[in-house]
Amino acid sequence: MSSNLLIPLIIGVPWLGALIILLDKDRHEKLQHSLAVIISLAAAAAAVLLIPQTSKEVAFSVKMGSAFGNFSFVADGLGVFLTLIATIIGSLAVIFSVNYMHGEEGLGRYYAYVLFFIGAMSGLVLTSNMLLIFFFWEITALCSYGLISFHNDDPKAVRGGIKALIITSVGGVGLLAGALLLFVYTQSYDLNVFLSNPSVLPAKMLAFLGFMFLVAAAAKSAQFPFQTWLPDAMEAPSPISALIHAATMVNAGVYLLARFFPAFAGIPYWKEAVMAVGVLSAFLAAIMALFSNDLKRVLAYSTVSQLGYMFYAIGTGDVFSSQFHLFSHSIFKALLFLGAGAVIHCVGTRDMTKMGGVGKKMPYVQWMFIIGALALAGIPVLNGFWSKELILEAGAATDVKVLYWIMVFVAGLTALYTCRMVWMVFFGEPRSDYHAHRAGAAMKIALAPLAAGALVSWLSIDWFSKLLNSGSLPFHTLKALDLTEMFHEVFTLQTLIPLAVIAVGILCWFFRAKLAGITKLFGWLRYLADHSFGFEGINTGIVKATQNCAEGLRVTQTGILGLNILAVLCTIIILFSLFAIGV
Amino acid sequence: MDINFLIKSMLFLPLVASPIVYLLGRSSVRKGTFLGMSFAKMFTVLIILLEGCLTYFTAKDWIGTSSSIYTNIGTVLIGFDGVSCLMSLIVVILGFCVTLFSFPYMQDEDGEEKFYALLLALIGSIVGLGISQDLFNLWVWFEVMAISTYFLVAFYHEQPASLEAGFKYLTQSAVGSALALFGIAVLFSQTGTVYLPSFLGAFTALDPMLYIGGILIIVGFGVKAALVPLHTWLPDAHSQAPSGISAMLSGIVIEAGLVAMLRIVIVLNEVTHIWGLILLVLGCVNILIGNLMALRQTEVKRLLAYSSIAQVGYMLVGFGVTLYIGFTTGITGAAGGYFHMFTHALMKGLAFLAAGALLYVLHLAKGNHSPLVLDDLNGASKKYPAVALMFSVALLGLGGLPPMAGFMSKWQILVGVAQGQTAWLIAVVIFVGLNSILSLAYYAPIINRMYRHEQSEVVTAGEAVSSWMITPMVVLTIGILLLGVWPSLISKITVPAANIFLSPFGF
């Protein structure tokens, strides 16, 4: 099958499926589950079939007139790679949902949003039209909102959904402004036209564009200073946290920067800004993860932190390692979220202080989760180790060594909070009277491939490099590696430093009783971490200010007819005066 | 068919049918049977469909000619151009949907026959406004439109709130019309003619009469178009009117005021581009004020009314930017403004029809005239899944989210603004974008309320929704989703309409 058929299928089949499931109006639950699974697997199959079709040629294009450009799609390496992640992890999340969402009301709405999202995410990475990038960007935000606030009766969920929608959309304005500028200066919506000649924009405009896109990417990927929406998004059902808020949508920011890197790399201080955003996010989020007692929130902070690594990698100039870490992270983070979902579903709480000893009741889930945790902590030989090391190698090669050392320290923090999380949930004695039943078959089936991936996905680096370096990305110079080259890169003395720091992190957990004195000293840090380092305060402040403004304006609607007409006459007088002064 | 005949029929058909519908319906009331009323209703639908056919045949000949078709009724010049086509298209689609919707909604209401008669008169007057080519007739059709709506807004004449809203609307609108007439008089005094083509070259940039006339025109027609701070009649009128009329008011009546203003301002703009700047700034004010006021509303229809004020702001920004700098950057802003006019009619029409459907089944069907509040919507989706879904589509579209049409029309407007390439215009782009997000802050919670499990008491006690209400809503939904993924469908009409901005009368 050729790509001009496959791409419409990858986007269209999930969208059609969403419509069909909605129209069922929740009458046949089994049908909805089966249909969703079949459709998401079909999309994944189409994505796999797309691999040999990777090329830089436009695969599919529809003319839409001058204001909208050509709706064109290109199946290049970056796009195909992310489509594979979106559809395959999407299918696994849907399979997991068969058990997780069993008997839930509004299942049609759930699957409709999920399938709509999968199609939109694929569209986002496969299109070369700036308008469509923004189009699909906003659709993913819409689906994210709909799924976070899926349980509409829970005010926390509704607040979380609207918060996510607003914060990511505010960032989206950056993408909007940038896309419009691009069109105005290049007279084309095709991003490849821009990438082939970035200097068509005057230097100031190019810098503005680069930083606007950074804002959009940071908001979408929950990076500093927009990180507050992701933890609150954990109100979503766990398969959604796995799919949208770990594996796919939050990676859209990283994708945007990776895609436009050739054009922005030359902007003064742009790469430094990206690195700073990445490092700050990684560091602050790791601290917040360390102090949190909510299992999903720990994973959310962890996602922010790992995305920080990806941003950092792009900032150092190594787009390849950022994408490779994206690959590893999608797998192990989805694994962790689905595993957490299984635990929460079966135990009935998200509070880790009430867990403990779950491993005895749910051994399968425990081992799956531990595999994911090892990958997250960067323990050899799981996939997280290789990709994190590549990023740190790239970081060590830059001039700004301070940032490198902070990232190494964060690797240690990661190991520490990961240990804490695994221990609090699965080991020790139960700290409350919970009743845990075993995970269902669908959950187990969904976890297995992800665990296998976490163990061996790094072996596919040859194929991964070929995909990205196949000539389908003519403007990117990617430092792609094959397996032996990766060994060369990673097996150096430099690697021992992060490994040592990780070991220290793990040891800190096991010797925590001895370190209790030091932990008490950091009580003020716990306070800061719980309040998201003041950013939550900023959010609340903005919301309150807007509401107060709106409330204050209400006096203008007096309801007195005489005053209304006075306003009409005053307008005339004001406009006359303006003209009299001006003219 | 002879195109002149088609255009004249398009104008006179609804106007002639209006009294016939009234008489048919009246006979029903006098005789105490339902037959006459049913005939009247069917006849109304037929006339609107016929009007649609006439519009289609006229447009078929006109599309692709990229100019206007002029003809005469006596000595009065009328012309069919892009704007006329767009107005007729919107009014036919909305009129059809509103009529079907109103069959159960207005059933057994006191004065039902007057409703359909006035609706047809409204449709006819808007068509007339679209094809007027001189100042006087423009004003006449504007007045006929206003008069039709006065009675429609105050339709529930037993309810004090409706009467109050109608009276305020009448008075404020009359002030606006008077000011507009003064403006026309001032312009006439300088040129000696009411024919718009003759205005080209009649003024110089230093002529004070130009500015006096222009300001009076903008403020006069601006009252109807709900420019801030002339908008204060709108929340009352749109929320108290029967829901079908709210849809018409927000969807096409306030836009007709805008179109009338533009017909004149476009010609004045040939002398000095300051008019574009005024509209651009006023547009931004509309967007901000409309959004902030809607944020605190608890009554659903009032919230939608304030939302209309904001949406008119988007159109003004599009038109304003083309008037201000269009000669260097092209007509994208104005084309976007007209596109937004169309999508807003669909989306706001759908929103009001959906809110109206819920208002009817939860309150009106039981004879309760209390307004629909946000708390009433809790859990409505289980009992009214279609209405809830379509209402959500409308609200998300109004908030500018894809894949609804509102996203594409806002995009086109912003392309027009960005083409200015100055820093403050980029700031306007960011301002409009942020306001779009602000609007989501009041649209999204409505959707969340509808999809709760826990139903409000009124929902549990609510009646079933009639398919007369569902069908027009489905039509509008399909339109919104179609344009959302295929925005160039309407370009054949919006682009010629926008071309008038830069070359009125084709020379």
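Just so we're clear, the structure is a prediction, and the values are computed from it rather than from any experiment. (Residues numbered from 1 in each chain as written. Chains lettered and ligands numbered in written order. Predicted model: local features only at pLDDT ≥ 70, side-chain atom pairs only at ≥ 80, totals over all residues. Heavy atoms only, no water.)

1. A look at the overall build of chain A
- Assigned secondary structure in chain A consists of 26 helices and two strands.
- Whereas a compact globule of 583 residues would reach a radius of gyration of roughly 25 Å, chain A reaches 25 Å, a difference of no more than 12%.
- Along the first, second and third principal axes, the C-alpha atoms of chain A reach 80 × 55 × 55 Å.
- A buried classification covers 62% of the 583 residues belonging to chain A.
- Working note: accessible area of chain A is about 20600 Å², and carbon and sulfur atoms make up 70% of it. (Helix = DSSP H or I, 4+ residues; strand = E, 2+ residues; numbered from the N terminus. Rg over C-alpha atoms; globule rule 2.2 N^0.38 Å. Buried < 20%, exposed > 50% of the residue type's maximum accessible area, 1.4 Å probe, protein only. Areas by Shrake-Rupley, 256 points an atom, 1.4 Å probe, with all protein chains shown as cover.)

2. Observations concerning the pairing of strand β1 (residues 69-73) of chain B
Residue and element names in this part refer to chain B.
- In this structure, β1 lies alongside strand β2 (residues 76-80), joined through five bridges in antiparallel fashion. If you follow threonine 71 over to β2, its bridge partner there is isoleucine 78.
- The loop that links β1 with its antiparallel partner β2 comprises two residues; one of these, glycine 74, has a positive phi angle of about 70°. (Pairing = 2+ DSSP bridges.)

3. Some points on the interface of chain A and chain B
- Taken residue by residue, the interface counts 57 residues in chain A and 68 residues in chain B.
- Summing the contributions of chain A and of chain B, the shared interface buries around 5900 Å²; its carbon and sulfur component is 77%.
- In terms of surface lost to chain B, no three residues of chain A exceed Phe68, Gln557 and Phe579 of chain A, which account for 11% of the buried area on that side.
- Seen at the junction of chain A and chain B, the total is two salt bridges.
- Salt-bridge contacts for glutamate 551 of chain A lead to arginine 296 of chain B; the nearest nitrogen and oxygen are separated by 2.5 Å.
- Summed over the shared surface of chain A and chain B, the result is 14 residue pairs in polar contact (both at pLDDT 80 or more).
- Within the residue set of the side of chain A that touches chain B, elements represented by two or more residues are α4 (107-126), α5 (130-148), α6 (155-186), α8 (203-220), α25 (535-553) and α26 (561-582) of chain A. (Contact = heavy atoms within 4.5 Å. Buried area = accessible area lost by both parts, 1.4 Å probe. Salt bridge = Lys/Arg side-chain N within 4 Å of Asp/Glu carboxyl O. Polar contact = N/O pair within 3.5 Å; in protein donor to acceptor, adjacent residues only side chain to side chain.)

4. Looking at the packing of helix α4 (residues 112-131) of chain B against helix α5 (residues 135-153) of chain B
Residues and elements named next belong to chain B.
- Put simply, α4 and α5 touch, their axes get as near as 8 Å, and they point 160° apart. In terms of orientation, α4 lies roughly antiparallel with respect to α5. In this structure, the crossing between α4 and α5 has a hand that is left-handed. Here α4 contributes Phe115, Leu118, Leu119, Ala121, Leu122, Ser125, Ile126, Gly128 and Leu129 to the contact with α5, which in turn contributes Leu138, Trp141, Phe142, Val144, Met145, Ser148, Thr149, Phe151 and Leu152.
- Each residue belonging to the contact of α4 with α5 can be placed in one class, and the counts come to 14 nonpolar, four polar and no charged. (Axes fitted to C-alpha atoms, helices over the stretch in contact; angles between N-to-C directions. Parallel < 35°, antiparallel > 145°, perpendicular 65-115°, else oblique. Left-handed = near helix turned anticlockwise from the far one by under 90°. Nonpolar A, V, L, I, M, F, W, Y, C, P; charged D, E, K, R; others polar.)

5. What about unusual backbone geometry?
- For the bond running from proline 380 of chain A to valine 381 of chain A, omega is -5°, close enough to zero to count as cis.
- For valine 381 of chain A, the location among the structural elements is in the loop between α16 (363-377) and α17 (383-396).
- Between proline 402 of chain B and proline 403 of chain B the backbone carries a cis peptide bond, its omega angle lying at 0°.
- Following the sequence through the fold, proline 403 of chain B ends up in the loop between α14 (385-398) and α15 (405-418).
- One non-glycine residue, glutamine 187 of chain A, lies in the positive phi region at around 55°.
- Among the residues examined, glutamine 187 of chain A registers a relative accessible area of 53% and is labelled exposed.
- A positive phi angle, near 55°, is found at serine 532 of chain A, a position not held by glycine.
- Considering the arrangement of structural elements, one finds serine 532 of chain A in the loop between α24 (523-530) and α25.
- A relative accessible area of 7% means that serine 532 of chain A is categorised as buried.

6. Quick word on the domain arrangement of chain A
- Its domain assignment divides chain A into domain 1 (3-530) and domain 2 (542-581).
- Inter-centroid distance (C-alpha atoms) of domain 1 of chain A to domain 2 of chain A is 47 Å. (Domains from an automatic or database assignment.)

7. As for the side chain of serine 246 of chain B
- Examined against the element boundaries, serine 246 of chain B turns out to sit in helix α9 (residues 243-268).
- Here histidine 238 of chain B takes part through its backbone oxygen, which lies 2.6 Å from a polar atom of the side chain of serine 246 of chain B.

8. A short note on the packing of aromatic side chains
- Under the criterion given, the structure shown has 62 aromatic pairs over all chains.
- Relative to phenylalanine 427 of chain A, the ring of tryptophan 423 of chain A lies with its centre 5.1 Å away and its plane at 25°, an arrangement referred to as stacked.
- Taken together, Trp15, Phe60, Phe73, Phe116, Phe134, Phe135, Phe136, Phe183 and Tyr189 of chain A together with Phe407 and Trp411 of chain B form an aromatic cluster joined through their ring pairs.
- Directly above the aromatic system of tyrosine 309 of chain A lies the positively charged group of lysine 388 of chain A, at a separation of 5.3 Å from the ring centroid.
- Taking the ring centre of tryptophan 509 of chain A as reference, the NZ or CZ of arginine 512 of chain A above it sits at 4.1 Å. (Phe/Tyr/Trp six-rings, centres within 6.5 Å; stacked < 30°, edge-to-face > 60°. Lys NZ or Arg CZ within 6 Å of the ring centre and 35° of its normal.)

9. Things to note about the packing of helix α18 (residues 401-426) of chain A against helix α22 (residues 493-510) of chain A
All names here are of chain A.
- Interaxial distance between α18 and α22 falls to 8 Å at its minimum, and their mutual angle equals 35°. In this structure, α18 crosses over α22, and the sense of that crossing is right-handed. Residues Tyr404, Trp405, Val408, Phe409, Ala411, Gly412, Ala415, Leu416, Cys419, Arg420 and Trp423 of α18 form the contact with α22, whose participating residues are Gln494, Ile497, Pro498, Val501, Ile502, Gly505, Ile506, Cys508, Trp509 and Phe510.
- In terms of residue class, the contact of α18 with α22 is built from 17 nonpolar, three polar and one charged.

10. Description of the environment of glycine 119 of chain A
Residues and elements named next belong to chain A.
- Inspection of the secondary structure puts glycine 119 in helix α4.
- Distance in space between the C-alpha atoms of glycine 119 and asparagine 4 is 16 Å, their sequence separation being 115 residues.
- Sequence-distant contacts of glycine 119, defined by excluding residues within four places in its chain, comprise Ile10, Ile11, Pro14 and Trp15.

11. What about helix α10 (residues 274-295) of chain B?
- Relative to the 32 Å expected for 22 residues at 1.5 Å per residue, α10 of chain B spans 32 Å between its end C-alpha atoms, a close match to the ideal helical length.
- Taken across its 22 residues, α10 of chain B has 17 buried, putting it largely inside the fold. (Expected span 1.5 Å × (residues − 1).)

12. What about the pairing of strand β1 (residues 58-63) of chain A?
Residue and element names in this part refer to chain A.
- Sheet topology note: the β1/strand β2 (residues 70-74) ladder contains five bridges and is antiparallel. Bridge pairing links serine 61 to serine 72 in β2.
- Hairpin geometry of β1 and β2 is characterised by an intervening segment of six residues between the two adjacent antiparallel strands and by a positive phi of about 85° at glycine 65.

13. Some points on the confidence of the model for chain B
- Confidence along chain B averages 92 in pLDDT terms, with 99% of residues attaining 70 or more.
- Listed scores for the predicted complex are pTM 0.95 and ipTM 0.94. (pLDDT = per-residue confidence, 0-100.)

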